[in-house]
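Read off the chains here:
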Amino acid sequence: MVSLRSASPPVVPRRDSHQVAHNVQLTDPYGWLRADNWQEVLRDPTQLPAEIRTVLQAENAHTDAVLSDTVDLRRRLQAEMRGRIKEDDAEVPVPDGPWAYYTRHRDGGQHEIICRHPRDGGPEQVLLDGDLLAKGKAFFDLGGAERSPDHTRIAWSADERGSELYGLRVRDLATGLDLPDLVGETDGTAVWAADGSGFFYVTVDENHRPSRVRFHRLGTDMADDRLVFEEGDPGWFVSLTETRSKRYGVIRIHDHDSAEAYLLDLEAPETAPQLVAGRHAGLRYDLDHRGTEVFILTNADEAEDFKVMVAPVASTDRTAWRELVPHRRGRMIIAIELFRDYLVRLEREDGLPRIVIRHLASGDEHAIGFDEAAYSLSLRSMAEFDTGVIRFSFASMATPDEVFDYDIATDTRVLRKRRQIPSGFDPARYVTRRLFATAADGEQVPISLLRAVDTPEDGTAPLLLYAYGAYGHATPASFGANRLSLVDRGFVFAIAHVRGGTDKGWHWYADGKLDRKTNTFTDYIAAAEHLIATKVTGPRRIVGQGGSAGGMLIGAVANRAPQLFAGLIADVPFVDVLNTMLDGDLPLTPPEWLEWGNPITDPTVFAAMRAYSPYETVSAQDYPPILALGGLTDPRVTYWEPAKWVAKLRATMTGGGPILLKTNMEAGHGGASGRFDQLEEVALEYAFALACVGLG
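Overview of the structure. (Residues numbered from 1 in each chain as written. Predicted model: local features only at pLDDT ≥ 70, side-chain atom pairs only at ≥ 80, totals over all residues. Heavy atoms only, no water.)

**Here we look at the overall build of the protein**
Helices and strands together make up the secondary structure of the protein, namely 13 helices and 39 strands. In terms of overall dimensions, the protein is globule-like: its C-alpha atoms have a radius of gyration of 25 Å, near the 26 Å expected for 696 residues. In terms of principal-axis extent, the alpha carbons of the protein reach across some 65 × 55 × 50 Å. Relative to its full complement of 696 residues, the protein shows a buried share of 57%. Where the 75 positive side-chain charges of the protein centre and where its 102 negative ones centre are 3 Å apart. (Helix = DSSP H or I, 4+ residues; strand = E, 2+ residues; numbered from the N terminus. Rg over C-alpha atoms; globule rule 2.2 N^0.38 Å. Buried < 20%, exposed > 50% of the residue type's maximum accessible area, 1.4 Å probe, protein only. Lys, Arg positive; Asp, Glu negative; His and termini not counted. Charge placed at Lys NZ, Arg CZ, Asp CG, Glu CD.)

**Topic: the packing of aromatic side chains**
A full pass over the atoms with the stated rule returns 20 aromatic pairs. A centroid spacing of 6.1 Å and a plane angle of 20 degrees characterise the contact between Y524 and F565, whose relative ring orientation is stacked. One end of the pair, Y524, is in helix α7 (residues 518-533); the other, F565, is in strand β35 (residues 565-571), with 41 residues separating them in the sequence. In this pair, the class of Y524 matches that of F565, namely buried. Directly above the aromatic system of W99 lies the positively charged group of R116, at a separation of 3.7 Å from the ring centroid. (Phe/Tyr/Trp six-rings, centres within 6.5 Å; stacked < 30°, edge-to-face > 60°. Lys NZ or Arg CZ within 6 Å of the ring centre and 35° of its normal.)

**Quick word on the packing of helix α3 (residues 71-83) against helix α13 (residues 675-692)**
Across the interface, α3 lies against α13 with an axial gap of 8 Å and an inter-helix angle of 125 degrees. Overall, the two elements α3 and α13 adopt an arrangement that is oblique. Classified by chirality, the crossing of α13 by α3 is right-handed. Between α3, through L73, R74, L77, Q78, M81 and R82, and α13, the contact on the second element is made entirely by F676, L679, E680, V682, A683, L684, Y686, A687 and L690. (Axes fitted to C-alpha atoms, helices over the stretch in contact; angles between N-to-C directions. Parallel < 35°, antiparallel > 145°, perpendicular 65-115°, else oblique. Left-handed = near helix turned anticlockwise from the far one by under 90°. Contact = heavy atoms within 4.5 Å.)

**Here we look at the sheet that holds strand β30 (residues 430-438)**
Strand order across the open sheet formed by eight strands is β30-β31-β33-β32-β34-β35-β37-β39, with mixed pairing between neighbours. Each edge of the open sheet carries a strand with a single partner, namely β30 and β39 (659-664). Between one strand axis and the next, the sheet turns by 20 degrees as a mean value, whatever way the strands run. As paired strands, β30 and strand β31 (residues 444-452) are joined by nine bridges and run antiparallel to one another. When the sheet's bridge partners are listed, T438 is paired in β31 with Q444. Contacts between helix α12 (residues 640-652) and the sheet are confined to β35, β37 (626-631) and β39, with β39 contributing the most and set at about 165 degrees to the helix. (Pairing = 2+ DSSP bridges.)

**Examining the nonpolar core**
Counting residues in each nonpolar core, the largest one holds 82 residues, and the members touching the most others are L48, L56, L465, Y524, L531 and W596. What W596 contacts, discounting residues up to four positions off in sequence, is A470, Y471, L514, K517, A549, M552, F574, M581, V605, M609 and Y612. L450, I569, V682 and C692 belong to the second-largest nonpolar core, a separate cluster that totals 43 residues. (Core = buried A, V, L, I, M, F, W, Y, C linked by side-chain atoms within 4.5 Å.)

**Topic: α12**
Over its 13 residues, α12 extends 18 Å from the first C-alpha to the last, a length consistent with the 18 Å expected when each residue adds 1.5 Å. The element α12 is largely enclosed, with a buried count of 11 among its 13 residues. Every buried residue of α12 is listed here: W640, E641, P642, A643, K644, W645, V646, A647, K648, L649 and R650. (Expected span 1.5 Å × (residues − 1).)

**Here we look at the pattern of salt bridges**
With the rule as written, the count across this model stands at 60 salt bridges. D205 is paired through a salt bridge with R209; the nearest N and O atoms lie 3.3 Å apart. The exposure classification of D205 matches that of R209, with both residues buried. Between R322 and E293 there is a salt bridge, with the nearest N and O atoms lying 2.8 Å from each other. (Salt bridge = Lys/Arg side-chain N within 4 Å of Asp/Glu carboxyl O.)

**Comments concerning the pairing of strand β25 (residues 365-368)**
Every other side chain in a regular strand lies on the same face of the sheet, so the side chains alternate between the two faces. Here four bridges tie strand β24 (residues 352-359) to β25, and the two strands are oriented antiparallel to one another. Across the sheet, the residue bridging to R358 is E365, located in β25. Where β24 folds back on β25, the antiparallel hairpin that results is connected by five residues, among which G363 adopts a positive phi of roughly 85 degrees.

**Comments concerning the sheet that holds strand β21 (residues 322-325)**
Within the open sheet, the four strands sit side by side as β18-β19-β20-β21. Their pairing is antiparallel. Strands with a single pairing partner mark the edges of an open sheet, and in this sheet they are β18 (285-290) and β21. Across the sheet, the axes of successive neighbouring strands diverge by a mean angle of 35 degrees, strand direction being ignored. Across three bridges, the pairing between strand β20 (residues 307-312) and β21 is antiparallel. Note on β21: the bridge partner recorded for M309 is E323.

**Looking at the packing of α7 against helix α8 (residues 549-560)**
Remark: α7 packs on α8, axes separated minimally by 10 Å, with the N-to-C direction vectors making an angle of 65 degrees. The orientation of α7 with respect to α8, classified from their angle, is roughly perpendicular. Viewed along their axes, α7 and α8 form a crossing whose handedness is right-handed. Residues T518, T520, F521, T522, Y524 and I525 of α7 form the contact with α8, whose participating residues are M552, L553, I554, A556, V557 and R560. For the contact of α7 with α8, a count of residues per class yields eight nonpolar, three polar and one charged. (Nonpolar A, V, L, I, M, F, W, Y, C, P; charged D, E, K, R; others polar.)

Function cannot be inferred from these measures alone, as they are strictly geometric.
Written out as structure tokens, the structure reads:
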């Protein structure tokens, strides 16, 4: 059994700053923790002002002191979790022309290695060695790796700060050497011209917003790269993809409400982009290409859960769109994959995914069936367009990931890979269930849970309750090897599929955003109360966890229902909602107004946000133990949000705690970059959870 040690926390000086919005004076006692040169810090962490660095280092030292009793436990947890990793694991090769491409790891290696071998077998060629590239670097994230159409070069990107600013390079695959070409501060993606003479890429602006598409011709200076597209509205993001036919690149411009797309002719890269359909409020669409047509996944005409339409490439305006797969409310079409003869859809209905295949010539459709009550399903990348074989992965909370190749014509599947757990895994030792909690307004909130067979359901078991609930992201009921370290110690692991995600369709998302954001919080509380009422767990036996926008959820429930929880874990939590949304100069603020509302222009939004923002609503009450984690170079949830929140909690609360902050001084939003280094952070969180409930 481990415990949280008593230690005197750092005292962060209070320095009130003031601003007035809608005739309300707002006082921020810890706003000074935001460095004036924060943009510079993203690019060079050594530029963080010394006074702020001292605060973050003191917080890290305090967290280490409080968790000092868990050091041995954390080592054991890391060893357990590492023991479940097949260290020399390899992905199933993906055929593409004369080659088959794949990634693998080496024993003891932290980073992936990108390889290929001849399509029909032969010696391996290492294209990019992530371990070698990361050597001597505190942080390294290998981004995109796009091969040229003739398979002679690869455009690859890497982030060496954690700030999601990727440098793009080009490697000659015959020599293994990088060309002189170097493009800085991109989003990491590249789309090659058909002749391999150069590539399109996306650059970020001074506020870290992907906003421009440029074309780089090999052998020329980056300064001469042609500007292809520029988005002037700070509320819209630019991204770049390639159609599966490899005939077109797609410039996608989007906010949280609408989308717009342009086609790039990869056979004529000098030509101007072709607009598919102009932006309209609320219109979302994405597309792929086949022959003389584009296939469009869209919510047009009030198709809230999406439908599929088709239009000629020569005339893609909305007047030319015709319906192929109609909309059906409650059946959400998540994604489409287009092949020469088939359209493959990934759908979700009643909270469960399925794959549906349509023969384009006949219109016949069939679904691939699965038997489990709760599971996750995803389409895997296949490089070739002219194929009758698709690849997908299947997992459940008690079934490690399985990768299948499915032959459409014969309706047969072949298992290509089953995730191996070297230290052993027996699915018969675990039980998965799907429950429903009744929310305050009567909605049924799905809960997926995993427990060991011998874990009692008498109200004594501790439980980790995870949720996200934002941006329409559904949380899959997938397999997680790390969580077995909790489950094997008597924890129940549960996922609350709260509103704000699309777990039950688009309406589930719409009911958890803007003026209905608080449904996310009340759904989570309803899930916790249901789990207690049904004796899956008991009062103060729940450890809540969420990250990023899910960290906002954790901050909100800490204020609303602290009595339910034994502890709370907030990973890179978006908790300073009001101040962030009032600052239009921050990288993500303008795009976020469509998710949360704009408190600058709308007094109603201002009042609602002020009433739920975790930082604003910290109150004089007892709080459970809280562990907040941040990343110094995080461009999404800046480091000062959890730092300010922790300082205000300590200064305001009447009892409880401790309140802890751990900032990774060498990483960003995703934490440590190496696969084993990441386990250290997971072990810290799990040790905290175990200490909160008196286990270990």
